[in-house]
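# Structure at a glance
Each chain, letter by letter, is given below.
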Amino acid sequence: MKTVVVVSTRGFGVFRHDLLTAPDEVRFVGIFSEQDSANVSDAERNYFHAVHTVPCGLTDPSYTESSIVDPEAARAVVRDLANATAEGDTLTLHSFDERNLLLTAALREEFGLPGPTQAQVLPYRDKCLMKELVGSRLRVPKFGRFDRAAFSADRADVLKGIVAAVGLPFVLKPVDAASADGVYKVFSEDDFHALPGDLGRDYEYEEHIEGTMFSVNLVTRDGKTVFGGVTEYLVNSTEVQQGKVNADINLIDSDPRVPRMIEFAETALDALGTLDGASHLELFHTKDDELVFLEVGARFKGLAGLAAMQENYSVALLNLAFDIEAGLESRPWDGEQVYCFDGVIPKRPGIVAELVAPDVESEVEMKWKVHDGEEIAQGASLIDNGGTFLVRNRDYEVLYRDFERLAGYRPIRYTDEG
């Protein structure tokens, strides 16, 4: 019997349990924070052997941080499972949530379970360390670690040093952030002096790169790429907080940019130490035709994007990851291949007056998280959004036209807009 433990629901919702070739030979166990456990679907509860709801690992988490599980509570669950695992049976730990990757790795090490260790995962979590390693092989933004103590003592002096190192504008981001959580773009001295007095966590500063963002999504087995796909972003992820829709379209495999960007990503992973399973790398393509590394995570992209990728490529990617990481075999994807892209709906402070569907030629599936008359706050990250949508079309050219049309799309109209 295989016992497969999933830490956090994030990234897991598109798993196809019905495709498993031997479902009776595996038990799924969930470890989810109190806030996150509400995201477990009825279908998932039907096949999970057990769902353990534990406290959040933070006392006052933001929506984005709410899936972090308490280390001691998670450790206790894994300890009991390890003690109950009979000889000849297997126990594996998995997470597709950026904020729980290091804890999952630590628990694997502590209980002698297979999978990446903390040392192997850390280069995929620490944005400075990853750029130090990748920078020996590829172009990365100029960067440095942000000195919080010096910032508290003399902001003007810190600003002077950063501008000398990377120029103005520049970007400030937590070294372990994900989904654009806690990111600041600094375009002027006034922007810098308007920052909170204590950023609350370790930050880095980096050069502001002008260019179109892309993500490269790979699945690796024994160090070899078994799946590769590239998506183009409609806007840069930090612009979502300014009210722009974050949509990204899967490039058709015949696009000449695809093999170049996949090779770029494979080189980055090689510099970091390639891990078996999923990776999600973001890069810039500049007007000078230069590729510039941004960051990478040892996980799949967000849930809406992953759902779109699975439909677009007709590959059950979560099932593929579990095959590689836990030896769970699955039948091939059984749905029709349809070109597909996803979008994330931004939130800004105000009262919702109207929800507006996109004006496109393709089929659209909307999932709103807000409603008319609701008073909402500024979205803190890509996860803290007003909803998501999928756009589908069998004609790729029509789909790509619709993608470009969304540049001016404003899905939420607020009462203060008249």
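Right above here is the structure, for reference.
Predicted model, so just to flag it, every value in this text is computed and none were measured. (Residues numbered from 1 in each chain as written. Predicted model: local features only at pLDDT ≥ 70, side-chain atom pairs only at ≥ 80, totals over all residues. Heavy atoms only, no water.)

### What about the overall build of the chain?
Check the secondary structure of the chain and you find twelve helices and 19 strands. For the chain, whose C-alpha radius of gyration is 21 Å, the value lies close to the compact-globule estimate of 22 Å for 418 residues. With the C-alpha coordinates of the chain rotated into their principal frame, the extents come out at 60 × 50 × 45 Å. Every one of the 418 residues in the chain was classed for burial, and the buried ones make up 55%. Look at the contacts in the chain between residues 6 or more apart in sequence, and 67% of them connect residues 24 or more apart. Of the roughly 17,900 Å² of accessible surface on the chain, 47% is carried by carbon and sulfur atoms. Counting 41 positive and 71 negative side-chain charges, the chain places the averaged centre of each group 1 Å from the other. (Helix = DSSP H or I, 4+ residues; strand = E, 2+ residues; numbered from the N terminus. Rg over C-alpha atoms; globule rule 2.2 N^0.38 Å. Buried < 20%, exposed > 50% of the residue type's maximum accessible area, 1.4 Å probe, protein only. Contact = heavy atoms within 4.5 Å. Areas by Shrake-Rupley, 256 points an atom, 1.4 Å probe, with all protein chains shown as cover. Lys, Arg positive; Asp, Glu negative; His and termini not counted. Charge placed at Lys NZ, Arg CZ, Asp CG, Glu CD.)

### Observations concerning the environment of Asn385
Among the structural elements, Asn385 can be located in the loop between β17 (375–376) and β18 (387–393). Relative accessible area serves as the criterion here: at 7%, Asn385 is assigned to the buried category. For the pair Asn385 and Ile345, spaced 40 residues apart in sequence, the C-alpha separation works out to 5.8 Å. Sequence-distant contacts of Asn385, that is, excluding residues within four places in its chain, are made with Val344, Ile345, Lys347 and Lys369. Separated by 3.2 Å, the side chains of Asn385 and Lys369 make a polar contact. There is a polar contact of 2.9 Å between the side chain of Asn385 and the backbone nitrogen of Gly387. (Polar contact = N/O pair within 3.5 Å; in protein donor to acceptor, adjacent residues only side chain to side chain.)

### Section: the packing of helix α2 (residues 71–84) against helix α3 (residues 101–111)
Between two packed helices, both the angle of their axes relative to each other and the distance between the axes serve to describe the pair. Relative orientation of the contacting elements α2 and α3 amounts to 40°, with a least axis distance of 11 Å. Judged by the inter-axis angle, α2 sits oblique to α3. Relative to α3, α2 is oriented so that their crossing is right-handed. For the pair formed by α2 and α3, the contact residues are Pro71, Ala74, Arg75, Val78, Arg79 and Ala82 on the first element and Leu103, Leu107, Glu110 and Phe111 on the second. Residues of the contact of α2 with α3, tallied by class, amount to seven nonpolar, no polar and three charged. (Axes fitted to C-alpha atoms, helices over the stretch in contact; angles between N-to-C directions. Parallel < 35°, antiparallel > 145°, perpendicular 65-115°, else oblique. Left-handed = near helix turned anticlockwise from the far one by under 90°. Nonpolar A, V, L, I, M, F, W, Y, C, P; charged D, E, K, R; others polar.)

### Comments concerning unusual backbone geometry
With an omega dihedral of 5°, the bond running from Leu168 to Pro169 counts as a cis peptide bond. Mapping Pro169 onto the fold places it in the loop between α7 (155–166) and β6 (170–174). Phi at Ser8 takes a positive value of approximately 85°, unusual for a residue other than glycine. On the secondary structure map, Ser8 appears in the loop between β1 (2–7) and β2 (26–33). One non-glycine residue, Asp222, lies in positive phi territory at about 50°. Turning to its location among the elements, Asp222 is positioned in the loop between β9 (212–221) and β10 (224–233). Residue Asp222 is classed as exposed on the basis of its relative accessible area of 64%.

### A look at the pattern of salt bridges
Per the counting criterion, the structure on display carries 35 salt bridges. With its nearest N and O atoms 3.4 Å apart, the salt bridge here joins Glu290 to Arg139. Of this pair, Glu290 sits in the loop between β12 (277–285) and β13 (291–297) while Arg139 sits in the loop between α5 (127–134) and β5 (143–145), and the two are 151 residues apart along the sequence. Overall, Arg139 belongs to the partly exposed group, its relative accessible area being 29%. Measuring nitrogen to oxygen at the nearest pair gives 3.2 Å for the salt bridge that ties Lys173 to Glu295. With Lys173 in strand β6 and Glu295 in strand β13, this pair connects stretches of sequence that are 122 residues apart. The exposure class of Glu295 is buried, given its relative accessible area of 16%. (Salt bridge = Lys/Arg side-chain N within 4 Å of Asp/Glu carboxyl O.)

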